[in-house]
Structure formats: C-alpha cells, structure tokens
Amino acid sequence: MSQGFVWFHNGGGEKVEAQRFYEGLLGWRPVEGPGGMTMLAREGAPFASLGAPQGGAAGWVPYAQVDELDVATERAVTLGGAVLQPKTRGPAGEFVVMRDPGGATIALWQKA
C-alpha cells in the first residue's frame, strides 16, 4: 500500500538557478543534506531535493512511499509501467524511478 507522496526531486540539472528561482518565488530555502545533496526546506523542514535528472527524467519527480519496493515495482510493470532507474539506495531508503503508461514519472520509495 502507498503512503502518498513523501518527497519530491527536481532533476532539472541547473541546481543553482533552480535554488534561486524557488527561494525567490516561494521562499523555499536551500539546505545541505546528506552526501552534499541540496534540499529545499520550508519552516525548517526539508521536503525536496535538487540535482541531476533521475532515470533520464528532467523536472519534478514525486516519491510515493510503498511498503515493499520489489513487490510495488513488479506490480507497476504488470500494470504497464516502465522502470527508468532500477532500485537505488538513497540516504533514507531505496527507490525505483518509473514511467506510468501515460508517460509521467514517479518514484516508488521504501523507507530504510
């Protein structure tokens, strides 16, 4: 079962420009995260990261938490999804970047 969207990644590739844009437009502050990751925070709590495209998908990628990553990935493929980036370990768990049958990108994430 999914817990809904729990994280967002902006894979536009122009990290500094995106950081300035979102800070100026929405007040989202850049903060340093694990491994030198740049994260965006509001009210002191990080909710998104900035960096390279994931699975070749530029733009915003929402992360949905799942209970069992391998089972959710297999189900997504059965339902017509495609794996863009295989299971990868991140700072707080593992994720798989998928494309849905309509072409949208989503990451399935399991907490460590």
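For the structure, see preceding data.
Residues numbered from 1 in each chain as written. Predicted model: local features only at pLDDT ≥ 70, side-chain atom pairs only at ≥ 80, totals over all residues. Heavy atoms only, no water.

> Explanation requested: unusual backbone geometry in the structure shown.
Negative phi characterises most residues that are not glycine, and trans characterises most peptide bonds. Positive phi outside glycine occurs at Glu43, with the angle close to 50 degrees. Within the secondary structure, Glu43 is located in the loop between β3 (38-42) and β4 (45-50). (Helix = DSSP H or I, 4+ residues; strand = E, 2+ residues; numbered from the N terminus.)

> Hey, could you run me through the nonpolar core in this one?
Here is a general trend for soluble globular proteins: nonpolar side chains tend to be buried in one another's company. In terms of nonpolar packing, the biggest core is built from nine residues, these being Trp7, Met39, Ala57, Val61, Tyr63, Phe95, Val97, Ala107 and Trp109. Among the elements of the structure, β5 (60-66), β7 (93-99) and β8 (105-111) are those that each provide at least two residues to this core. Filtering out sequence-adjacent residues up to four positions away, Trp7 remains in contact with Met39, Pro46, Phe47, Ala48, Ser49, Val61, Pro62 and Tyr63. (Core = buried A, V, L, I, M, F, W, Y, C linked by side-chain atoms within 4.5 Å. Buried < 20%, exposed > 50% of the residue type's maximum accessible area, 1.4 Å probe, protein only. Contact = heavy atoms within 4.5 Å.)

> Which parts of the structure should I look at to understand the pattern of salt bridges?
Side chains carrying opposite charge are able to pair once their charged atoms draw close together. Per the stated rule, a full pass over the model turns up three salt bridges. Here Glu23 and Arg29 are joined by a salt bridge, their closest N and O atoms 2.8 Å apart. Its relative accessible area of 30% is what places Glu23 among the partly exposed residues. The exposure class assigned to Arg29 is partly exposed, which follows from its relative accessible area of 49%. Put simply, Glu94 and Arg89 hold a salt bridge, and the shortest N to O gap is 3.7 Å. Residue class for Glu94 comes out partly exposed when judged on its relative accessible area of 24%. For Arg89, a relative accessible area of 56% gives the class exposed. (Salt bridge = Lys/Arg side-chain N within 4 Å of Asp/Glu carboxyl O.)

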